[in-house]
Amino acid sequence: MAHCELEQLAVEEAVGAYCEFRPTNQARSLGLIDRPCTESEMLEYLLQVESSRQDLQRHASELNRLVDQSATATRQKSDFLATMSHEIRTPLNGIIGMTAVLLGKNLGPAERDCVETIRSSGEALLAIIDDILDFSKIEAGHLQLECAEFDLRKAIREALQIVENAAARKSIRLVAALDSSLPEVVRGDIVRLRQVLLNLLSNAIKFTAAGKVELKAELAACSGGECELRFQVTDEGIGMSSEQQARLFQPFTQAEASTTRNFGGTGLGLAISKRLTELMGGCIGVRSRVGEGSTFWFTVKARAGERMGSAPGRVNAEPAATKAAKPFRLLLVEDNAINQKVALAMLKNLGYRAKVARNGIEAVQAVGSEPYDLVLMDCLMPEMDGFEATRCIRSRGQAFAELPIIAMTANAFAEDRDACLAAGMTDYLSKPVREVELRNKLERWLESRPAMAGC
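Since this is a predicted model, take the numbers as computed values, not measurements.

Helix and strand counts for the chain stand at 15 helices and 13 strands. The buried share of the chain, reckoned over its 455 residues, is 43%. Sequence separation of 24 or more characterises 72% of the internal contacts of the chain that already satisfy a separation of 6 or more. With an accessible surface of roughly 23700 Å², the chain has 54% of that area assigned to carbon and sulfur atoms.

Let us look at the side chain of R329. Mapped onto the fold, R329 is located in strand β9 (residues 329-333). We classify R329 as buried; its relative accessible area is 16%.

In this section: the pairing of strand β7 (residues 294-304). Most of β7 is tucked away: eight of the eleven residues are buried. Judged from the two bridges that link them, strand β3 (residues 185-188) and β7 form a sheet pairing that is antiparallel. Across the sheet, V186 pairs through a bridge with A304, a residue of β7. Looking at chain direction, strand β5 (residues 226-234) and β7 are connected through nine bridges and run antiparallel. Paired with V233 across the strands is F296, a residue of β7. Bridge count between strand β6 (residues 284-288) and β7: five bridges; the pairing is antiparallel. Bridge assignment links V286 to a residue of β7, and that residue is F296. Between β6 and β7, which pair antiparallel and follow one another directly, the connecting turn spans five residues, one of which, G291, has a positive phi of 80°.

Moving on, we get to the sheet that holds β9. Pairing in this open sheet of five strands is parallel, and the strands run β10-β9-β11-β12-β13 from one edge to the other. Bordering the open sheet on either side are β10 (353-357) and β13 (427-430), each of which pairs with just one other strand. Neighbouring strand axes in the sheet, compared pairwise and without regard to direction, differ in orientation by 25° on average. As judged from the five bridges shared by β9 and β10, these two strands associate in the parallel manner. Residue pairing for β10: R329 is matched across the bridge by R353. Its contacts with the sheet place helix α11 (residues 360-369) against β9, β10 and β11 (374-377), and it is angled at close to 165° to β9. Running over the sheet, helix α15 (residues 435-446) touches β9, β11, β12 (405-409) and β13 and is turned about 170° from β13.

Right, let's get into unusual backbone geometry. Here the bond from K431 into P432 is cis, since omega is 0°, no more than 30 degrees from zero. Structurally, P432 is set in the loop between β13 and α15. Although it is not a glycine, S171 sits at a positive phi angle of roughly 55°. Examined against the element boundaries, S171 turns out to sit in the loop between α5 (152-169) and β2 (172-178). For E383, which is not glycine, the phi dihedral falls at a positive 70°. Position of E383 among the secondary structure elements: in the loop between β11 and α12 (386-394).

Now for helix α9 (residues 269-279). If you check which residues of α9 are buried, you get G269, L270, A271, I272, S273, L276 and T277. Close packing links the buried residues of α9 with α4 (109-139), α6 (190-206), β6 and β7. G281 lies just past α9 and shows a positive phi near 80°.

Quick look at the packing of helix α10 (residues 337-349) against α15 now. As a packed pair, α10 and α15 sit with axes 10 Å apart at the nearest point and diverge in direction by 65°. Overall, the two elements α10 and α15 adopt an arrangement that is roughly perpendicular. As for the relative orientation of α10 and α15, their crossing is right-handed in sense. On the side of α10, the interface is formed by M346, L347 and N349, while α15 contributes E435, L438 and L442. Here the contact of α10 with α15 is built from residues that sort into four nonpolar, one polar and one charged.

Definitions and cut-offs
- For every chain, the first residue of the written sequence is number 1, and numbering continues from 1 onward in sequence order.
- Confidence filtering applies because this is a predicted model: local features only for residues at pLDDT of at least 70, side-chain atom pairs given and counted only at 80 or more, and all residues used for totals across whole chains, interfaces and linings.
- Excluding hydrogens and water, the side-chain values take into account all heavy atoms of the structure.
- To qualify as a helix, a DSSP run of H or I must reach at least 4 residues; to qualify as a strand, a run of E must reach at least 2; elements of each kind are numbered from the N terminus.
- Exposure categories follow from relative accessible area, calculated using a 1.4 Å probe and restricted to protein chains: below 20% of the type maximum is buried, above 50% is exposed, and the middle band is partly exposed.
- Two residues form a contact once any of their heavy atoms are found within 4.5 Å.
- Per-residue accessibility takes into account occlusion by the displayed protein chains alone, with areas from the Shrake-Rupley method and a 1.4 Å probe.
- When DSSP locates at least two bridges between a pair of strands, those strands are taken to pair.
- Axes, fitted as lines to C-alpha atoms, cover a helix only where it is in contact. Angles between the N-to-C directions of the axes lie from 0 to 180 degrees.
- For classification, angles of less than 35 degrees are called roughly parallel, those exceeding 145 degrees roughly antiparallel, those between 65 and 115 degrees roughly perpendicular, and all remaining angles oblique.
- Crossing chirality is assigned from the near helix's rotation relative to the far helix, an anticlockwise turn below a right angle marking it left-handed and a clockwise turn marking it right-handed.
- Put simply, Ala, Val, Leu, Ile, Met, Phe, Trp, Tyr, Cys and Pro go in the nonpolar bin, Asp, Glu, Lys and Arg in the charged bin, and everything else, Gly too, in the polar bin.

Below, the structure is given as structure tokens:
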């Protein structure tokens, strides 16, 4: 059979198969419903299909290129933010840490006022950096919640301790009213819960000239082991109109333009709190009237632990007293001279003594030459970083496997914490390190550990 006859036969078979199986809407679009297909119409249709297929391939290739380009840009942005966060947090650790140490000394009124101004400015800068980083991660969909057991009342106390100095400077009384039905232990993200609490408490203190700020916490509902927790922060501050309240939870927005001039801030804190509460299965809202203060509330969901609480319903936020010297031996691994001074001064205030290793190599040598009860480990250091040093220490046997190693680093992303734990570290502290947070970590890992290193 001639080539042209074969080609003609193939076309006829294709036309027959097409006319038998084509969808009605496609046939109607070509005007082929009540009449047979012609060879030219079928060829035109096949050419259109092939052209469409080639267009789809080109679009798919372009889409893949754009996706790859976007992923590269996202990684570059994340790397840039991580680097900038580390570089800014390192000097801030020195500023905030050393001002905290100075404020523990006997300063005159004028000197104390100067130091307080330095510290409040440093804390304000840190808050701006944290807001920008968190908002960037939320917008990119990279913020992931953790799920671990934690002491709920302790988390509330820690939040109050962090803001108590700011309240004391304005003679504002902090009060916490905790419902006796609250679970003592819950499973959730303690860092993000505390972040929302701190944002609302800080705002309440910022916008209150004098009076009281009260935090209430209660168990709103509990079913099948899942609890809905409700928190409420009430202040006696300037209050807001209904129009101002409607704009509150939008990014980069405050109640009005004069608010930024008078009180500062990026306008991101409440927007971030809204996203976080939603990620934790809850919501957030506000009730307020001009001149009569404001009440911010939010709910989150968490899994209940085994123990149920029976703590007193109302407690005042009191700063924890500095304890006597502790019989524990600590190793501080830190290459930055300023950060060494800050950490050693904080440890001294808390009653601990520590030796210093300037990099991972010195840390491994120090742990191998004499016993330590706990190691505070920086991550980014010359010669050997904290991750490799931790792996080397853990590889030395069972006694070293149980040694508490707490990361103390300016890398503040969740993935940085995960990297620390994956390397074998026991816990994590981000810089700037606050004395109350350092104390809580040390007490957590040393209170049940005998002081085997001696005095």
